[in-house]
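Each chain, written out:
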Amino acid sequence: MTDNESLAARAERAAQIARQPGLYKVCEGCESIVVRDAVTCPNCHGYRFDTDARRVISQAEILGKRLPNSIPPSELL
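Per chain, the residues get numbers from 1 upward, laid out in the order the sequence is written. At least 70 in pLDDT is required for a residue's local features to be given in this predicted model, at least 80 for side-chain atom pairs to be given and counted, and no such filter applies to totals for whole chains, interfaces and linings, which use all residues. To get the side-chain values, all heavy atoms of the structure are used, and hydrogens and water are removed first.

Okay, the packing of aromatic side chains next. Any two of the Phe, Tyr and Trp rings considered here, Trp counted by its six-membered ring, make a pair once their centres fall within 6.5 Å; the pair's planes then place it as stacked at under 30 degrees, edge-to-face at over 60, or tilted in between. For the structure on display, the rule yields zero aromatic pairs. Remark: a charge is flagged as sitting over a ring if the NZ atom of Lys or the CZ atom of Arg is within 6 Å of the ring centre and within 35 degrees of the ring normal. The residue whose ring lies beneath Lys-25 is Phe-49, and the NZ or CZ to ring-centre distance is 4.2 Å.

Right, let's get into the sheet that holds strand E2 (residues 33-35). At least two DSSP bridges between two strands are required for those strands to pair. Going along the chain from the N terminus, every DSSP run of H or I of four or more residues is numbered as a helix, and every run of E of two or more is numbered as a strand. Spatially, E2-E1-E3 is the arrangement adopted by the three strands of the open sheet, whose pairing is antiparallel. The open sheet has two free edges, formed respectively by E2 and strand E3 (49-50), since each of these has just one partner strand. Summarising the sheet, strand E1 (residues 24-27) and E2 pair through three bridges and their orientation is antiparallel. Bridge pairing links Lys-25 to Val-34 in E2.

Before going further, it helps to examine the pattern of salt bridges. Note on definitions: salt bridges are taken to be side-chain nitrogens of Lys or Arg within 4 Å of carboxyl oxygens of Asp or Glu. Applying the stated criterion across every chain yields a total of five salt bridges. Two residues, Glu-28 and Arg-48, come together in a salt bridge whose shortest N-O distance is 3.8 Å. You can see Glu-28 sitting in the loop between E1 and E2 and its partner Arg-48 sitting in the loop between E2 and E3, a full 20 residues away along the chain. Using a relative accessible area of 56% as the deciding quantity, one classes Arg-48 as exposed. Residues joined in a network through salt bridges with shared partners are Glu-31, Asp-50 and Arg-55. Here's how the labels work: a residue is buried when its accessible area is under 20% of the maximum for its type, exposed when over 50%, partly exposed in between, all with a 1.4 Å probe on protein chains only.

Printed below as a string of structure tokens:
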């Protein structure tokens, strides 16, 4: 997948999140967006979250405009 394809996929996912912000929350440790039911962040294992819909939408817009800059836990093995 090229960077442009990856960025387009992230933008689409961000748009989906922004349409339904009540289903998500923002990790206060690493600023990832996770599903509302998550107890800990799958990326940093943090447990403090911001559930405000405006914050979710704002963070989705930020993340949708840039390539990922963290290593997913699945790649650390």
